[in-house]
Amino acid sequence: VGVSLNIPFGGTVKWPDDWLGKNISREFSVNTFFLQPTISYQISENIGIGAGFSYGIVNLLSRKAFNTDIGEGAVQFTGSGIAQGFNIGLFAQATKEVSLGISYRSAMDIEIEEGLTQFTVAESLEEAFPDQNFRTEFTLPRVLTLGLGYKPDERTQFAIDLVFTGWQVFASLDLELADPELVNSFPTRNYTNSVSLRLGGEYALSEAFLLRGGIYYDGSPVPSSYVTPEFPDADRIGFSAGLGYRVLQKFNFDLSYTYDFTGER
């Protein structure tokens, strides 16, 4: 049995307040915090299964400018919602050298029922732009991972993962205001499903010290026609390096670092 606290999705994009696209976005942020208890069971000497429950809090923030009859205004949306899902996995030691794995994380629906909309406008317009609540709903994608491990000798291990992420569920993010005429411009997303490929290796320098390295390719789910300033995502290549130290027989200390090279859009 185990439990993890993780951030599977999220990010923040912040632009200067006076930039050219300020009426589309000045800042957009989706942050997720998930608690995941998991249990695993070894069916036989070579096969194990696992399953867990995910409970998360999702925070949304969006800021942008808009035009009024007597000048520029600004609006900020903030809200939080709850997400729940599950994950399952299977591991098999096919041969002494080769291991196989598959894991599935479910999609998770998010509803924000009482988000807060705050307007900043000229004093003479404050009555026409009152602060009010908004609601929205969206879905975090499902993730399917296939893994293959190869251990040619006692010191060396290699791994390859193929990851499918179902971003197609993220078709739009519409914020419904009590008065929709005040701010009604929210870009269509129409994301596509994405595929990532990850390669990694580990070499035991000694019984205590482990050296690790890896590379991955992460395909962007954002089609060229739907790139927006909120998430100007692009294909990326990442490199990682790490060290492991076996303090005791049943206790390890691990350190890793990853750097992304992101393409231009």
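Placed above this text is the structure.
In short, a report on the structure.

Definitions and cut-offs
Residues numbered from 1 in each chain as written. Predicted model: local features only at pLDDT ≥ 70, side-chain atom pairs only at ≥ 80, totals over all residues. Heavy atoms only, no water. Helix = DSSP H or I, 4+ residues; strand = E, 2+ residues; numbered from the N terminus. Contact = heavy atoms within 4.5 Å. Areas by Shrake-Rupley, 256 points an atom, 1.4 Å probe, with all protein chains shown as cover. Pairing = 2+ DSSP bridges. Patch = residues over 30% accessible without salt bridge, like charges linked within 9 Å, V, L, I, M, F, W, Y side chains within 5 Å. Salt bridge = Lys/Arg side-chain N within 4 Å of Asp/Glu carboxyl O. Buried < 20%, exposed > 50% of the residue type's maximum accessible area, 1.4 Å probe, protein only. Core = buried A, V, L, I, M, F, W, Y, C linked by side-chain atoms within 4.5 Å. Polar contact = N/O pair within 3.5 Å; in protein donor to acceptor, adjacent residues only side chain to side chain. Phe/Tyr/Trp six-rings, centres within 6.5 Å; stacked < 30°, edge-to-face > 60°.

1. Quick look at the overall build of the protein
Within the protein, the regular secondary structure consists of 0 helices and 15 strands. Seen through its C-alpha atoms, the protein measures out along the principal axes to roughly 75 × 35 × 35 Å. Long-range contacts, defined as pairs at least 24 residues apart, comprise 62% of the intrachain contacts of the protein with a sequence gap of at least 6. Split by element, the accessible area of the protein, about 16100 Å² in all, is 57% carbon and sulfur.

2. A short note on the pairing of strand β8 (residues 132-140)
Across 8 bridges, the pairing between strand β7 (residues 108-120) and β8 is antiparallel. When the bridges of β8 are listed, Asp 109 appears paired with Thr 139. Pairing geometry for β8 and strand β11 (residues 176-177), over 2 bridges, is antiparallel. Looking at the pairing, Phe 134 lines up with Leu 177 of β11.

3. Quick look at a nonpolar patch on the surface
Together, Leu 100, Leu 148, Ile 160, Leu 197, Leu 199, Ile 215, Tyr 217, Ile 237, Phe 239, Tyr 257, Tyr 259 and Phe 261 make up an exposed nonpolar region whose accessible area comes to about 1100 Å². Secondary-structure elements contributing two or more residues to the nonpolar patch are β12 (194-204), β13 (209-218), β14 (236-248) and β15 (251-262). If one sorts the elements of the nonpolar patch by residue count, β15 sits on top with 3 residues. Tracing the sequence through the fold places Leu 100 in strand β6 (residues 98-105). Residue classification places Leu 100 among the partly exposed positions, given a relative accessible area of 41%.

4. Re the nonpolar core
As a rule of thumb, nonpolar side chains are buried together in soluble globular proteins. Within the largest apolar cluster, 28 residues are counted, with the highest numbers of intra-cluster contacts made by Val 58, Leu 60, Phe 134, Phe 138, Leu 140, Leu 173 and Leu 175. Counting residues per element, the ones that place at least two in this core are β3 (27-42), β4 (47-68), β5 (71-93), β7 and β8. Ranked by residue count, the leading element in this core is β7, at 4 residues.

5. What to know about the environment of Asp 254
Turning to its location among the elements, Asp 254 is positioned in strand β15. For the pair Asp 254 and Leu 210, spaced 44 residues apart in the sequence, the C-alpha separation amounts to 8.9 Å. Ignoring any residue separated from it by four or fewer positions in sequence, one finds Asp 254 in contact with Arg 212, Leu 243 and Gly 244. A distance of 2.9 Å separates polar atoms of two side chains, one belonging to Asp 254 and the other to Arg 212.

6. A closer look at the environment of Asp 109
Counting through the fold element by element, Asp 109 comes out in strand β7. Asp 109 gets classed as exposed once you look at its relative accessible area, which sits at 57%. Separated by 29 residues in sequence, Asp 109 and Phe 138 place their C-alpha atoms 6.0 Å apart. For Asp 109, the side chain forms a polar contact with the side chain of Thr 139, separated by 2.9 Å.

7. A closer look at the pattern of salt bridges
Applying the stated criterion to the full structure yields 11 salt bridges. Arg 135 is paired through a salt bridge with Glu 113; the nearest N and O atoms lie 3.5 Å apart. One end of the pair, Arg 135, is in strand β8; the other, Glu 113, is in strand β7, with 22 residues separating them in the sequence. The salt bridge involving Arg 212 is made with Asp 254; its shortest N-O contact spans 2.9 Å. Remark: Asp 254 occurs in strand β15 and Arg 212 occurs in strand β13; sequence separation between them is 42 residues. The partly exposed category is assigned to Arg 212, whose relative accessible area is 27%. For Asp 254, a relative accessible area of 46% gives the class partly exposed. Here the salt bridges share partners, and the residues they tie into one network are Glu 113, Arg 135, Glu 137 and Glu 176.

8. A word on the environment of Tyr 55
Take Tyr 55: it is sitting in strand β4. On the basis of relative accessible area, Tyr 55 is assigned to the partly exposed category, the value being 37%. Separated by 175 residues in sequence, Tyr 55 and Glu 230 place their C-alpha atoms 26 Å apart. Tyr 55 has contacts with Phe 33, Phe 34, Leu 35, Ile 82, Ala 83 and Gln 84, leaving out every residue within four places of it along the chain.

9. A word on the packing of aromatic side chains
Evaluation of the coordinates by the stated rule reveals 11 aromatic pairs. On the numbers, 4.2 Å between centres and 10° between planes, the contact of Trp 15 with Trp 19 is stacked. Ring plane angle 40° and centroid distance 5.4 Å describe the contact between Phe 66 and Phe 129, whose orientation is recorded as tilted. Placement of Phe 66 in strand β4 and of Phe 129 in the loop between β7 and β8 is noted, with a sequence separation of 63 residues between them. Feature note: the residues Phe 9, Trp 167 and Tyr 191 constitute an aromatic cluster, connected by ring pairs.

None of this, on its own, says anything about what the molecule does.
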